[in-house]
Amino acid sequence: MSYQKYGISPQLVERVKTKMKNPVMKEKVKVLIDGVTKADLQNSAKVRRLVKSSAAILNEKFTSADEDKLVKFVIDQKIDPNNTLHLIKLWGMFR
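Conventions adopted
- Residues numbered from 1 in each chain as written.
- Predicted model: local features only at pLDDT ≥ 70, side-chain atom pairs only at ≥ 80, totals over all residues.
- Heavy atoms only, no water.
- Axes fitted to C-alpha atoms, helices over the stretch in contact; angles between N-to-C directions.
- Helix = DSSP H or I, 4+ residues; strand = E, 2+ residues; numbered from the N terminus.
- Parallel < 35°, antiparallel > 145°, perpendicular 65-115°, else oblique.
- Left-handed = near helix turned anticlockwise from the far one by under 90°.
- Contact = heavy atoms within 4.5 Å.
- Nonpolar A, V, L, I, M, F, W, Y, C, P; charged D, E, K, R; others polar.
- Core = buried A, V, L, I, M, F, W, Y, C linked by side-chain atoms within 4.5 Å.
- Buried < 20%, exposed > 50% of the residue type's maximum accessible area, 1.4 Å probe, protein only.

As recorded in an unreviewed UniProt entry, the protein chain goes by Stage VI sporulation protein F and comes from Paenibacillus shunpengii.

> An account of the packing of helix 2 (residues 23-33) against helix 3 (residues 44-58) is needed here, citing residue identities and associated values.
The contact between helix 2 and helix 3 brings their axes to 10 Å, and the two run at 160°. With respect to helix 3, the axis of helix 2 lies roughly antiparallel. As helix 2 packs across helix 3, the resulting crossing turns out to be right-handed. Facing Met25, Lys28, Val29, Leu32 and Ile33 of helix 2, the residues of helix 3 in contact are Leu50, Ser53, Ser54, Ile57 and Leu58. For the contact of helix 2 with helix 3, the residue count by class is seven nonpolar, two polar and one charged.

> I'd like a rundown of the packing of helix 3 against helix 4 (residues 64-77), residues and numbers included.
Viewed as axis vectors pointing N to C, helix 3 and helix 4 meet at an angle of 125°, and their least axial separation amounts to 9 Å. What the angle tells us is that helix 3 and helix 4 run oblique. Helix 3 and helix 4 meet at a crossing whose hand is right-handed. Each of Ser44, Val47, Arg48, Val51 and Lys52 in helix 3 lies in contact with helix 4, whose residues at this interface are Glu67, Asp68, Leu70, Val71, Val74 and Ile75.

> I'd like to hear about the side chain of Gln77, residue by residue, with values.
If you trace the backbone, Gln77 turns up in helix 4. Apart from the residues within four sequence positions on either side, Gln77 is in contact with Ser2, Tyr6, Lys89 and Met93.

> Break down the side chain of Glu67 for me, with residues and values.
By secondary structure assignment, the location of Glu67 is in helix 4. Every residue in contact with Glu67, bar those within four places of it in the chain, is listed here: Arg48, Val51, Lys52 and Phe62.

> Can you tell me about the nonpolar core, naming the residues and giving the values?
Counting 19 residues, the largest nonpolar core has Ile8, Leu41, Val47, Val51, Phe62, Phe73 and Val74 as the members making the most contacts within it. For this core, the secondary structure elements donating two or more residues are helix 1 (10-20), helix 3, helix 4 and helix 5 (84-94). At five residues, helix 4 tops the list of elements feeding residues into this core. When near neighbours in sequence (up to four residues on either side) are disregarded, Leu41 contacts Val36, Val47, Leu50, Val74, Ile75, Ile79 and Pro81.

Take a look at the structure:
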């Protein structure tokens, strides 16, 4: 899995996936990322803010090293939220 190359633990991913199954948390995260653009996802300060806000919503405690790994991962993926193929690729990574 691609995220493991960045040092992101599978246990963390599984915990977040489980929490995202909760409709209330999922909706809060959806509201947080509503309107996010490709340019936003290439800006490390904005990505870091999204990571911190998501962590607060999901009640996850990330170390600064974890945050750095997550930010680098998101930026390196060059995600375009308006591109269906990018979203399918991400879905496959975290299925």
